[in-house]
Amino acid sequence: MNDIDRKALADKAKLKLNSFQELFKNLRKLKGKELDNAFMYTHDNVFEKTDCLQCGNCCQVGTPVFSEKDVERAAKRLKMKPGDFTHAWLFTDSDGDKVLKSTPCPFLGEDNYCSIYEDRPEDCRNFPHTRRKPMLPRLNVVLANTAVCPAAMKILEIMQTEYRT
Ligand code: SF4
Ligand code: SF4
């Protein structure tokens, strides 16, 4: 994804904000399991046709939250002490979360491959949080991710066609 596409996606997310909030009103009427299944089905369909290696936007502009376990795992992979890993790349934000000091992520290669892929943080594994259980408390996270992730945008657009009023 180039810079122009990135801006276009962020602009589109702003334009779609109200209509996605309308969608969420309908989605909140679904039973928990029904909602989870609707997201799971749409997520799987969209990601079947999505090549993240052609995008990499989440790793370019965002930062995962690193849990203690994430730090330990990534540091071990890099043969570092967790404290040194934290000192080199992370800081604690205003929410008390450990996040990257800078973006793009230092573990992102030019080919969009993640150099610590097998030991990447849980947050990276779950991004854009469209296949979680339960989905209900995560709707606003997904909404925010539409500004960054074309797949999250597509998932909500498809759901709009199925759950419109
Ligand atoms: S750790 Fe890997 S998957 Fe996570 S943001 Fe960095 S490059 Fe992307
Ligand atoms: S998860 Fe979304 S933003 Fe990240 S690389 Fe895949 S399509 Fe792009």
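Just above sits the structure.
My aim in this report is to walk through the structure given alongside it, one point at a time. Note that the structure is a prediction, hence the values are computed from the model and not measured. (Residues numbered from 1 in each chain as written. Chains lettered and ligands numbered in written order. Predicted model: local features only at pLDDT ≥ 70, side-chain atom pairs only at ≥ 80, totals over all residues. Heavy atoms only, no water.)

Taken together, Thr50, Cys52, Cys55, Gly56, Asn57, Cys58, Phe127, Val148 and Cys149 are the residues near ligand 2. Looking at the shell around ligand 2, its residues break down into six nonpolar, three polar and no charged. (Near = heavy atom within 4 Å. Nonpolar A, V, L, I, M, F, W, Y, C, P; charged D, E, K, R; others polar.)

A word on unusual backbone geometry. Across the junction of phenylalanine 127 and proline 128, the peptide omega takes the value 5°, indicating a cis bond. Locating proline 128 in the fold gives a position in the loop between α6 (122-126) and α7 (139-145). A cis amide bond, omega 0°, links lysine 133 with the succeeding residue proline 134. At asparagine 112, a position not held by glycine, the phi torsion is positive, near 70°. Here asparagine 112 shows up in the loop between β2 (98-100) and α6. Positive phi values are uncommon outside glycine, yet histidine 129 reaches one of about 65°. (Helix = DSSP H or I, 4+ residues; strand = E, 2+ residues; numbered from the N terminus.)

A separate point is the packing of helix α2 (residues 32-48) against helix α8 (residues 150-162). As a packed pair, α2 and α8 sit with axes 9 Å apart at the nearest point and diverge in direction by 125°. Taken as axis vectors, α2 and α8 run oblique relative to one another. At the point where α2 passes α8, the crossing takes the right-handed sense. Two secondary-structure elements touch here, α2 through Ala38, Phe39, Thr42, His43, Val46 and Phe47 and α8 through Ala151, Lys154, Ile155, Leu156, Ile158 and Met159. In the contact of α2 with α8, the residues fall into nine nonpolar, two polar and one charged. (Axes fitted to C-alpha atoms, helices over the stretch in contact; angles between N-to-C directions. Parallel < 35°, antiparallel > 145°, perpendicular 65-115°, else oblique. Left-handed = near helix turned anticlockwise from the far one by under 90°. Contact = heavy atoms within 4.5 Å.)

Here we take up the packing of helix α4 (residues 68-77) against helix α5 (residues 82-89). Their axes nearest at 8 Å, the elements α4 and α5 cross at an angle of 95°. In this view, α4 runs roughly perpendicular relative to α5, as classed from their interaxial angle. Two secondary-structure elements touch here, α4 through Val71, Glu72, Ala74 and Ala75 and α5 through Pro82, Phe85 and Thr86. Residues belonging to the contact of α4 with α5 are distributed by class as follows: five nonpolar, one polar and one charged.

Taking 1.5 Å of rise per residue, 17 residues should cover 24 Å, and α2 covers 24 Å from first to last C-alpha, within 8% of that figure. For α2, the set of buried residues is Leu35, Asp36, Ala38, Phe39, Thr42, His43 and Val46. In an axial view of α2, the angular spread of the buried residues amounts to 160°, which keeps them on one side of the axis. Set apart from the buried face of α2 by more than 90 degrees, the exposed residues are Lys33, Tyr41 and Glu48. (Expected span 1.5 Å × (residues − 1). Buried < 20%, exposed > 50% of the residue type's maximum accessible area, 1.4 Å probe, protein only. Arc of directions from axis to C-beta.)

Taken together, Cys59, Pro64, Cys105, Phe107, Leu108, Cys114, Ile116, Arg120, Pro121 and Cys124 form the complete shell of residues around ligand 1. Its residues assigned to classes, the shell around ligand 1 shows nine nonpolar, no polar and one charged.

To continue, consider the pattern of salt bridges. Oppositely charged side chains can form a pair if their charged atoms are brought close together. Throughout the structure, instances matching the rule amount to nine salt bridges. Residues aspartate 11 and lysine 7 are paired through a salt bridge, measuring 2.8 Å at the closest nitrogen-oxygen approach. Here the residue aspartate 11 and the residue lysine 7 both occupy positions in helix α1 (residues 3-27), the gap between them amounting to four residues, near one helical turn. Note that aspartate 119 and arginine 77 form a salt bridge whose closest N and O atoms lie 2.8 Å from each other. Here the residue aspartate 119 occupies a position in the loop between β2 and α6, and arginine 77 occupies one in helix α4, the gap between them amounting to 42 residues. Here aspartate 119 falls in the buried class, since its relative accessible area comes to 19%. Ionic contacts of the salt-bridge type, sharing partners, join the residues Lys12, Lys16 and Glu157 into one network. (Salt bridge = Lys/Arg side-chain N within 4 Å of Asp/Glu carboxyl O.)

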